[in-house]
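Structural characterization, general
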Amino acid sequence: MDNLETFYLISFRNLIDQELQAQLRTIINYLLLFDDEEQCLEYIQSLSQDDRVILIIKDSSNLQYVSFRQITSIYIYSNNTKKSTEQRTKPSKKIKGIFSHRDELIRRIHTDYNQRCFRKLDEIFTYTIFNTKTNNSIQLFPDINTSFIHSQIFIDCLIHTDSCLNDRNELVLLCKQQYQNNPTELAIIEEFEKDYRSERSLSWYTRFSFLYRILNKAIRIQNIELLLLFRWFIRDIVEQLKSNKFLNGQRVYRAQLMSKNEVDLLKNSSGEFLSMNIFLSANSNREQTRSSLVSLTIEDNIEKVFFEINLSHQTDSVNLVVSSSSKEEMLFRIGSIFRLINIERDNDGIWNIHLMLYSSKQHPFESTIQQKKTDLNIIETNVLSIGFLLEDMGKFQSAERYYHHLVDQLPKDHEDLSRCYHALGEIIQKKDDYDLCLIWYNKALQLDIQMLKSNESDTAMSYNSIAVVYSKKRDYKLALKFYNKALDIWKKILGEDHPDIAMCWNNIGIIHQEEKQYTDALECYHKAWNIRQKHCTTEHIGLGQSLACIGNVHYQLKHYDLALEHYNSSMEIFKKFLPSCYSDVAMIYRNIGFIYQNKGDYQQALIHIKKAATIYRQLFPSTHSDVMQIEKLIHQISSKL
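Report follows, based on the coordinates.

Comments concerning the nonpolar core
Among the nonpolar cores identified, the biggest contains 128 residues, and Phe233, Phe279, Ile309 and Tyr403 are the most heavily contacted of them. Each residue touching Ile309, except ones within four places of it in the same chain, is listed here: Gln250, Arg251, Val252, Leu280, Ala282, Phe332, Phe338 and Leu355. With 33 residues, the next largest nonpolar core counts Phe574, Met587, Phe594 and Leu619 among its residues.

Some points on the pattern of salt bridges
Oppositely charged side chains can pair when the atoms bearing their charge come close. In this structure the tally under the stated criterion is 30 salt bridges. With a closest N to O distance of 2.5 Å, Arg251 and Glu308 form a salt bridge. Of this pair, Arg251 sits in strand 7 (residues 250-259) while Glu308 is found in strand 10 (residues 302-311), placing the two residues 57 residues apart along the sequence. When its relative accessible area of 16% is taken as the criterion, Glu308 is described as buried. Notably, a salt bridge pairs Glu631 with Arg617, separated by 2.8 Å at the nearest N-O pair. Note that Glu631 is positioned in helix 27 (residues 625-638) and Arg617 in helix 26 (residues 602-619), a separation of 14 residues in sequence.

Some remarks on a negative patch on the surface
Taken together, the side chains of Asp36, Glu37, Glu38 and Glu42 make up a negatively charged region of the molecular surface. By relative accessible area, which is 37% here, Glu37 ends up partly exposed.

Re the packing of helix 16 (residues 396-409) against helix 17 (residues 417-430)
Two elements in contact, helix 16 and helix 17, have axes whose closest approach is 10 Å; the angle formed by their N-to-C orientations is 150°. Classed by the angle they form, the pair helix 16 and helix 17 counts as roughly antiparallel. Regarding helix 16 and helix 17, the two cross each other, and that crossing is left-handed. Packed against helix 16, whose contacting residues are Phe396, Ala399, Glu400, Tyr403, His404, Leu406 and Val407, the element helix 17 presents Leu417, Cys420, Tyr421, Ala423, Leu424, Ile427, Ile428 and Lys430 at the interface. Tallied by class, residues from the contact of helix 16 with helix 17 come to 12 nonpolar, 1 polar and 2 charged.

Overview of the pairing of strand 6 (residues 127-130)
Every regular strand shows the same layout, with side chains that alternate between the two sheet faces. Residues Tyr127 and Ile129 point to one face of strand 6 and Thr128 and Phe130 to the other, with burial holding for every one of them. As paired elements, strand 6 and strand 8 (residues 273-276) share 4 bridges and run antiparallel to each other. Residue Tyr127 lies in a different strand from strand 8, and its bridge partner there is Met276.

What to know about helix 17
Taking 1.5 Å of rise per residue, 14 residues should cover 20 Å, and helix 17 covers 20 Å from first to last C-alpha, within 8% of that figure. Buried-residue contacts for helix 17 involve helix 15 (384-392), helix 16, helix 18 (434-450) and helix 19 (457-472). Remark: Asp432 follows helix 17 within two positions and exhibits a positive phi of approximately 70°.

Some details on the packing of aromatic side chains
Here the structure, examined in full by the defined rule, presents 28 aromatic pairs. Arranged with centres 6.2 Å apart and planes meeting at 50°, the rings of Tyr402 and Tyr403 form a pair that is tilted. Exposure remark for Tyr402: the relative accessible area of 3% places this residue in the buried category. When its relative accessible area of 0% is taken as the criterion, Tyr403 is described as buried. Counting every residue linked through ring pairs, the aromatic cluster contains Tyr179, Phe192, Tyr196, Trp204, Phe210, Phe230, Trp232 and Phe233. Seen from the ring of Trp232, Arg168 lies directly overhead, with NZ or CZ sitting 4.3 Å from the centre. Here the basic side chain of Lys443 rests over the ring of Tyr421, its NZ or CZ set 4.9 Å away from the ring centre.

Cut-offs applied
- All residue numbers here refer to positions counted from 1 along the written sequence of the relevant chain.
- In keeping with the model being predicted, local features are shown solely for residues with a pLDDT of at least 70 and side-chain atom pairs are shown and tallied solely at 80 or more, while totals for entire chains, interfaces and linings include all residues.
- Remark: hydrogens and water are excluded; side-chain values derive from all non-hydrogen atoms of the structure.
- Here, the term nonpolar core denotes a set of buried Ala, Val, Leu, Ile, Met, Phe, Trp, Tyr and Cys residues that are joined through side-chain atoms within 4.5 Å.
- When accessible area is computed with a 1.4 Å probe and restricted to protein chains, residues below 20% of their type maximum are described as buried, those above 50% as exposed, and intermediate ones as partly exposed.
- In this analysis, two residues are considered to be in contact whenever any of their non-hydrogen atoms come within 4.5 Å of each other.
- Just to be clear on terms, a salt bridge is a Lys or Arg side-chain nitrogen sitting within 4 Å of an Asp or Glu carboxyl oxygen.
- Strands are runs of DSSP state E lasting at least 2 residues, helices are runs of H or I lasting at least 4, and numbering of each runs from the N terminus.
- To count toward a patch, a residue needs a relative accessible area above 30% and no salt bridge. Like charges then connect within 9 Å, nonpolar side chains (Val, Leu, Ile, Met, Phe, Trp, Tyr) within 5 Å.
- Throughout, the Shrake-Rupley method with a 1.4 Å probe supplies accessible areas, and for residues the shown protein chains are the sole cover considered.
- A positive count includes Lys and Arg, and a negative count includes Asp and Glu. His and the chain ends are not counted in either.
- To locate a charge, the coordinates of NZ of Lys, CZ of Arg, CG of Asp or CD of Glu are taken.
- Axis definition: a line fitted to C-alpha atoms, limited for helices to the stretch in contact. Angles are taken between N-to-C directions and run from 0 to 180 degrees.
- Here the word oblique covers every angle except those under 35 degrees (roughly parallel), over 145 (roughly antiparallel) and from 65 to 115 (roughly perpendicular).
- By convention, the crossing between two helices is left-handed when the near helix turns anticlockwise from the far helix through less than a right angle, and right-handed when the turn is clockwise.
- When residue character is reported, Ala, Val, Leu, Ile, Met, Phe, Trp, Tyr, Cys and Pro are called nonpolar, Asp, Glu, Lys and Arg charged, and the others, Gly included, polar.
- At least two DSSP bridges between two strands are required for those strands to pair.
- Expected helix span is computed as 1.5 Å times (number of residues minus one).
- Note on aromatic pairs: the rings of Phe, Tyr and Trp (six-membered ring only in Trp) are paired at centre separations within 6.5 Å, and the planes decide the class, stacked below 30 degrees, edge-to-face beyond 60, tilted for the rest.
- Here, over-ring charges are defined by two tests on the NZ atom of lysine or the CZ atom of arginine: distance to the ring centre within 6 Å, and angle to the ring normal within 35 degrees.

Any link to function would need more than the numbers given here.
In structure tokens, the structure reads:
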């Protein structure tokens, strides 16, 4: 079973007997024993740089261990202390000592680990940055601002959507499996199962029990399935924090150990906004907090960081919460937003970072977040919203598992069940499994009809989606049949001038284009364009899609300059509103590549085809038709250079 915590305890079977194993697990639950040193090294290297390993070895002859970022502490456990000392040719701050008695070893590991946990100095600092200085040039990878917006929306959805009825039981069962060999932690889990109350959520979180450790790692590695099981607990903490409002403006402090790369990123982010994607703790005692850093001995690639956080009087109480287990400790709501005012290094070698807490009404991109929610049809309290967001984040497997989970949990007459079927159809369609996605679309359609929703927009959307699949299967007759069914319903309930009508005209235009009826295709595309112009801003995604489609027809007609004009206009819109890993953007790069290829400019053709390939490789597996086609194109064009 995978480790749900950050810390690993690793050693060798010939060194640790059964009794010592049991004792060690009371300190750190995840204990791994190896027979072979090479296998041990390979395993540690496979872990994330943010995982933490405590290593017990019999001597220090292999200094390779010292260089591993994951390893924080090394304990030498040997009866021959003289030999172990002689072998230690090079001192390392990671080597905590040489121990010949197990009780002495246990006490030292326990003391060191408890001290680390109490100070929280090397606890992973999980945050995203909103960069107000980014230019408008499109990136080949999801940009940092998109991650910021996604994290804010995801946290809102976690807090506001209702948990499934069985989530708490599933979480408890999972924890019992994780700690099955740890009687101490199992007793705490049983206490939690029996006695937990929502009004005690803060005391459970700050207890540094299994809940604290598992939740924080789940947040760090974005373990979506586990975070969904934690929804009710996260919401309980937020609600309890609301009742402990901090009303006075003051400053609080946090000591932190960070890698040099992390500090460099923050140095380059002065003046920018940070979203803390954890329940961030801080201390109101400046000297006490700073003193924990001053005397600390650290490794060469680690920096000491001292955060000074200003809590303005204008801060709304929802973002800030106070006082957990002691009067000195403060706790900030998950997703709290701060501005990085400045960062500088003092004479003690400590990086001093000044943060200002912002409320949801103060930061300048709340409208961007709300627009993203509107674009994705996200309503925080609707259970489907998390799935929609996961899809936009490119986490298609997590979204698919989430929708399947909803199908199992939702009552058969639930109003969102048909939309869940439809969402599964959309994800399966991305895999090019057209027969299976038709099954899901038809399940959605039949349920809508059974629930007397035959004249509603969801039914029309199912008809439209079924038509899209038949279009991809090149059954254009059936595709037009279902497009017209969708169009008839939408016209009745929405009128002639609605964005959904525009989408349908656009799709019908694609059919005409595929059948080389270019005049009819342009007529449909311009109908879509005219409707979208009335309802959308000049930089809306829908307008970008219309421009791309019109460009496609001009490309087919060999009107290459007109095609490039429309493609470039479309790209300018996508730059502002889409993460780059979208098939629309890849398609434009690919088609621009085709144009340059037809013009005989193979250098430019290859540049654009490779940009398309980069996106397709991120978006789809190597066996996907778009990836295979683009790889073939790169080979063909390269052979002409």
